[in-house]
Amino acid sequence: MSNKKERAEQEGRRDFLKGVVLGSAALGSGLVTPGLVIGESGKAMAAQDERVKMAFVQIQPHTVSSAWSVGLEEVLSTQQTIDYQQLDGQNKVEVQVSLMDTLINEGAKVIFLQPIDSVALGPSIKKARRRGIAVITLNIDASEEHAAHVEMNHYYGAMDIAKEMGKRMGGKGKVAILNAPPGIIIRDQRTNGFVDGMKKYYPDIQIAADQVADWSRKKAQDVLSNILTAQPDITGVYGVNDSMALGGVDVCKQKGILDKMVIFGNDGETAALESIERGELTGTQFTDVYQQGRFAAAAASVFVSGGVTAKEFKQQGKLLMPYVIATSETVGSIQPAQRW
Amino acid sequence: MVRLRQLPNIELLAFFLLLYAFFCFYAPHFNTASNLENLLVGYSFIAVLAIGQSFPIMVRGIDLSIGSIMALGGMVLFDLSVIYEVPGYVVIPAVLLVCLLAGLLNGALVVWLRLQPFVATLSTLAAYRGVVYAISGRQLFPEMATRPITDPWLTGMDSYLDIGGVTGLDQYMEMPWLPLSFFLLVGIFIIIQTMHSKTQFGMNFKIVGGNPEAARLAGINVKLTILSAYGLSGLSAGIAAIILVTRLTTATEALGNGMELTAIASAVIGGISLQGGIGNAFGPIIGAMLLGIILLGLTLLGISQFVQQIISGLILIGAIGYDKLLSDFRMRKARAMQSGS
């Protein structure tokens, strides 16, 4: 009888913890998608003194993933039982898959993943879920359901960029998009959000060019130079990330047309914010990615301390990060500690 | 002892086993059935690519385009299966045919246009990658981009054999589940090694690589041999594409990016001489698996992946240096024999 009572108490505690898992993170950001359903209570509970392995599998070294890792480590390092490791996917899908397999073999409790492809990592995520390992994706969602997804608000952020950009262009003119390579969901979200935003708020603005610049500042310089040679009447540039937008700034400075151009980026890295402060880049969508890492780590910590395994989530949780459209008017509100 | 020394790649095999033993002792979770399973599933397709790459190297060439051919094969598979819903038993031969033709085109550029293999395959590396983007079903039909491959003929390629359960050994120890790709690799090894040692066609690769002029004078069709070497390289890229894409359940435009370097490294570490004329099918397999245990072992030891890349590079330099030493030794021996006679 007492066993039954103890079990009921334990289940109650776990149910509470499961609610706290994403709830705590959601409270921090103020945003969470509805319909998060959490399943039956956990069976495996991490012992107090047991070492717990957590790892972050990034696509490749980048300022964004480095900042996530700083945020993750900040939270996880306060807990003496957690071993955290950052791993490099070398920009290759097969390396990411191999790293996932290795982590599953190692008995990692939580894997933070920035998938290089939304479908290709699906089988690995499924395998992890079968072993009870919680997978938390960062920024790029996967087609296979997993414990949670913590994302910069790509689509709506891009819509707001379009709104701000259209206003500064006076509601008319031509825009060039410097885009990411195809085959990744984030590209579609950031492009579709921007295109839909323009259609909604400023339908007279025409998307005159949409070319791939491989996330790269150097490539963006070459691509935009060619675009401007062919279409010199373009007055707006949208870089799907900041590096490409800054490449656009370089070209316009060189051609002496920067004062006539409206150039927006996306991400909010320090170099972009400084460019805005110098009056070069018009704006960007800023997300505090340290905080994004902290939220993901907070969710992971509660999964582990509460003994909640991946098998117990009936539906994937999704957390959209708050953002600021940083322009010359708003960039001052971004504190030095938030800059990455 | 003399017989042992005559075994091909004995030094490499010894180094591989020593390193394996080292990781078993020092890397946590390395000596587990699931880690062995990860090694076999993750590196069998690279070993297939390395075997394919060994043919152009054996005839004093190189194939830099195999990563792009692999991506091409993968995208053809995705398009036919997901977009056009062609049955898997038709898709597989179609992919192999496309990759074989891509390899033969490389060979034709080398043989008939007399382009340097490095230049010819560097050009097709870019061209085939361009074709991949052009035919990408994920771009042409964005609504299908996140749809995985479900054809049972294709998903069946990612099957495993519970060897412990079948043999009853799982009662005594934990056994890995062996992936189908490993059995494919074993089959390819047997075919290629038999071809090299028992057939004139197979021996021609070494003869042509050793001395093309002597091979021509001996009546060997040098052009056909070189053409076949690139064709076989393309074909193996097709097999690797099928293994990888059916495992991932999708193809990406960037699939196989940089894979040519891994395959070349595996082949060279496996004793395929860059001077041509030397090699077998066993060395590239050990070369690929060696790179695999380095990645897995060092990851399990918690060592940074930048360090892993440095170590892989050092091993490659060691293998090339050893190849050069052996080549100089053979040259000195041949000269000594000539002066002796």
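Being a predicted model, the structure only gives us computed values, none of them experimental. (Residues numbered from 1 in each chain as written. Chains lettered and ligands numbered in written order. Predicted model: local features only at pLDDT ≥ 70, side-chain atom pairs only at ≥ 80, totals over all residues.)

### Observations concerning the overall build of chain B
If you tally the helices and strands in chain B, you get 16 helices and 2 strands. Taken over C-alpha atoms, the radius of gyration comes to 21 Å for chain B, in line with the 20 Å a tight globule of 341 residues would show. If one aligns the C-alpha atoms of chain B with their principal axes, the spans along those axes are about 70 × 55 × 40 Å. For chain B, the proportion of its 341 residues judged to be buried stands at 48%. Residue pairs at least 24 apart in sequence account for 78% of intrachain contacts in chain B once pairs closer than 6 positions are excluded. (Helix = DSSP H or I, 4+ residues; strand = E, 2+ residues; numbered from the N terminus. Rg over C-alpha atoms; globule rule 2.2 N^0.38 Å. Buried ≥ 20, exposed ≤ 12 C-beta atoms within 10 Å, placed from the backbone. Contact = placed C-beta atoms within 7 Å.)

### Points about the nonpolar core
Ranked by size, the top nonpolar core spans 199 residues in total, and within it Val110, Ile111 and Ile136 of chain A together with Cys99 of chain B carry the most contacts. Split by domain, this core shows at least three residues from each of two domains, domain 1 (2-152 + 289-322) and domain 2 (154-286) of chain A. (Core = buried A, V, L, I, M, F, W, Y, C linked by C-beta atoms within 7 Å. Domains from an automatic or database assignment.)

### Brief notes about the domain arrangement of chain A
Looking at chain A, the domain boundaries give domain 1 (2-152 + 289-322) and domain 2 (154-286). Facing 9 residues of domain 1 of chain A, the contacting portion of domain 2 of chain A comprises 8 residues.

### Things to note about the packing of helix 3 (residues 93-106) of chain A against helix 15 (residues 282-300) of chain B
In contact at an axis separation of 11 Å, helix 3 of chain A and helix 15 of chain B are set at 45° when each is read in the N-to-C sense. As far as their axial angle goes, helix 15 of chain B and helix 3 of chain A are oblique. Viewed along their axes, helix 3 of chain A and helix 15 of chain B form a crossing whose handedness is right-handed. In this structure, helix 3 of chain A uses Ser98, Leu99, Thr102 and Glu106 of chain A to contact helix 15 of chain B, whose residues at the interface are Leu295, Leu296, Thr299 and Leu300 of chain B. Each residue belonging to the contact of helix 3 of chain A with helix 15 of chain B can be placed in one class, and the counts come to 4 nonpolar, 3 polar and 1 charged. (Axes fitted to C-alpha atoms, helices over the stretch in contact; angles between N-to-C directions. Parallel < 35°, antiparallel > 145°, perpendicular 65-115°, else oblique. Left-handed = near helix turned anticlockwise from the far one by under 90°. Nonpolar A, V, L, I, M, F, W, Y, C, P; charged D, E, K, R; others polar.)

### Section: the pairing of strand 8 (residues 234-239) of chain A
Residue and element names in this part refer to chain A. Counting buried positions along strand 8 yields 5 of 6 residues, so the element is predominantly enclosed. Pairing between strand 6 (residues 173-179) and strand 8: 5 bridges, direction parallel. Along strand 8, the bridge assignment pairs Ala176 with Val237. Handedness of the crossover joining strand 8 and strand 9 (residues 262-264) through helix 8 (residues 242-255): right-handed. (Pairing = 2+ DSSP bridges. Right-handed = clockwise from strand over helix to strand, strands pointing away.)

### Some remarks on the environment of Lys172 of chain A
Residue and element names in this part refer to chain A. As for its placement among the helices and strands, Lys172 is situated in the loop between helix 5 (154-168) and strand 6. We classify Lys172 as exposed; it has 11 C-beta atoms within 10 Å. Taking the C-alpha atoms as reference, Lys172 lies 20 Å from Thr229; in sequence the two are 57 residues apart. Those residues in contact with Lys172 that sit more than four places away from it in its chain are Asp204 and Ile205.

### Points about the interface of chain B and chain A
In many analyses, interface size is given as the accessible surface area lost on bringing the parts together. On the side of chain A, 23 residues touch chain B, which itself brings 27 residues to the contact. Of the residues in the side of chain B that touches chain A, the class split is 7 nonpolar, 17 polar and 3 charged.

### Looking at unusual backbone geometry
Residue and element names in this part refer to chain B. Backbone geometry at Arg60 places phi at a positive 65°, although glycine is not the residue there. Within the secondary structure, Arg60 is located in the loop between helix 3 (33-58) and helix 4 (66-83). With a phi close to 55°, Glu85 is a non-glycine residue in the positive phi region. Position of Glu85 among the secondary structure elements: in the loop between helix 4 and helix 5 (88-111).

### Focus on the environment of Glu277 of chain A
Residue and element names in this part refer to chain A. Counting through the fold element by element, Glu277 comes out in helix 9 (residues 270-277). Taking the C-beta count within 10 Å as the criterion, Glu277 has 13 such neighbours and is therefore assigned partly exposed. On a C-alpha basis, the gap between Glu277 and Ala326 in space is 9.9 Å, while along the polypeptide they are 49 residues apart.

### Quick look at the environment of Ser228 of chain B
With respect to the element layout, Ser228 of chain B can be found in helix 13 (residues 222-248). For the pair Ser228 of chain B and Leu104 of chain B, spaced 124 residues apart in the sequence, the C-alpha separation amounts to 7.1 Å.

### Digging into the confidence of the model for chain B
The predicted coordinates should not be examined in detail at positions where pLDDT is low. Residues and elements named next belong to chain B. Overall, the predicted model of chain B reaches an average pLDDT of 91, with 97% of residues at or above 70. Element-level mean pLDDT values for chain B span from 55 in helix 1 (residues 2-6) up to 98 in helix 5. Predicted as a complex, the structure gets a pTM of 0.82 and an ipTM equal to 0.83. (pLDDT = per-residue confidence, 0-100.)

### Remarks on helix 6 (residues 117-135) of chain B
An α-helical turn contains 3.6 residues, so any two residues separated by three or four positions project in the same direction. All names here are of chain B. Across its 19 residues, helix 6 extends 26 Å between first and last C-alpha, which sits within 8% of the 27 Å expected from 1.5 Å per residue. If you check which residues of helix 6 are buried, you get Pro117, Ala120, Thr121, Thr124, Tyr128, Arg129 and Val132. Along the long axis of helix 6, the arc covered by the buried residues comes to 160°, so they all point the same way. Away from its buried face, by an angle of more than 90 degrees, helix 6 presents the exposed residues Ala126, Gly130 and Ala134. Elements in contact with the buried residues of helix 6: helix 3, helix 4 and helix 5. (Expected span 1.5 Å × (residues − 1). Arc of directions from axis to C-beta.)

### Some points on the sheet that holds strand 3 (residues 110-113) of chain A
All names here are of chain A. Strand order in the open sheet formed by 6 strands is 2-1-3-4-5-11, and the pairing between neighbours is parallel. Two strands bound the open sheet, and with one partner strand each, they are strand 2 (82-88) and strand 11 (317-320). Across the sheet, the mean angle from the axis of one strand to that of its neighbour is 15°, orientation sign disregarded. By the bridge criterion, 4 bridges tie strand 1 (residues 52-58) to strand 3 in an arrangement that is parallel. Residue pairing across strands places Met54 opposite Val110, the latter belonging to strand 3.

### Here we look at the packing of helix 5 of chain B against helix 13 of chain B
Residue and element names in this part refer to chain B. At their nearest, the axes of helix 5 and helix 13 sit 7 Å apart, and the two run at 145° to each other. Along this stretch, helix 5 crosses helix 13, giving a crossing that reads as right-handed. When the residues that make up the contact of helix 5 with helix 13 are grouped by side-chain class, the tally is 19 nonpolar, 7 polar and 1 charged.

### A word on the confidence of the model for chain A
Residue and element names in this part refer to chain A. Averaged over every residue, the pLDDT of chain A is 85; residues scoring 70 or more account for 84%. When pLDDT is averaged over each helix and strand of chain A, the minimum, 45, is found for helix 1 (residues 2-29) and the maximum, 98, for strand 9. Ignoring residues within four places in sequence, the model shows residues 1-5, a span with pLDDT below 50, making 0 contacts including any to other chains. Here residues 11-47 is a poorly scored stretch, pLDDT under 50, and it has 73 contacts once near neighbours within four places are set aside; other chains count.

### Thoughts on helix 3 of chain B
All names here are of chain B. With 26 residues, helix 3 extends 35 Å from end C-alpha to end C-alpha; this agrees with the ideal 38 Å at 1.5 Å per step. Of all the bends in helix 3, the greatest measures close to 40° and is centred on Tyr43. Of all 26 residues in helix 3, 23 are buried; the element is thus mostly enclosed. Following helix 3 by one or two positions, Arg60 has its phi on the positive side, about 65°. (Bend = angle between axes of the 7 residues up to and from the residue.)

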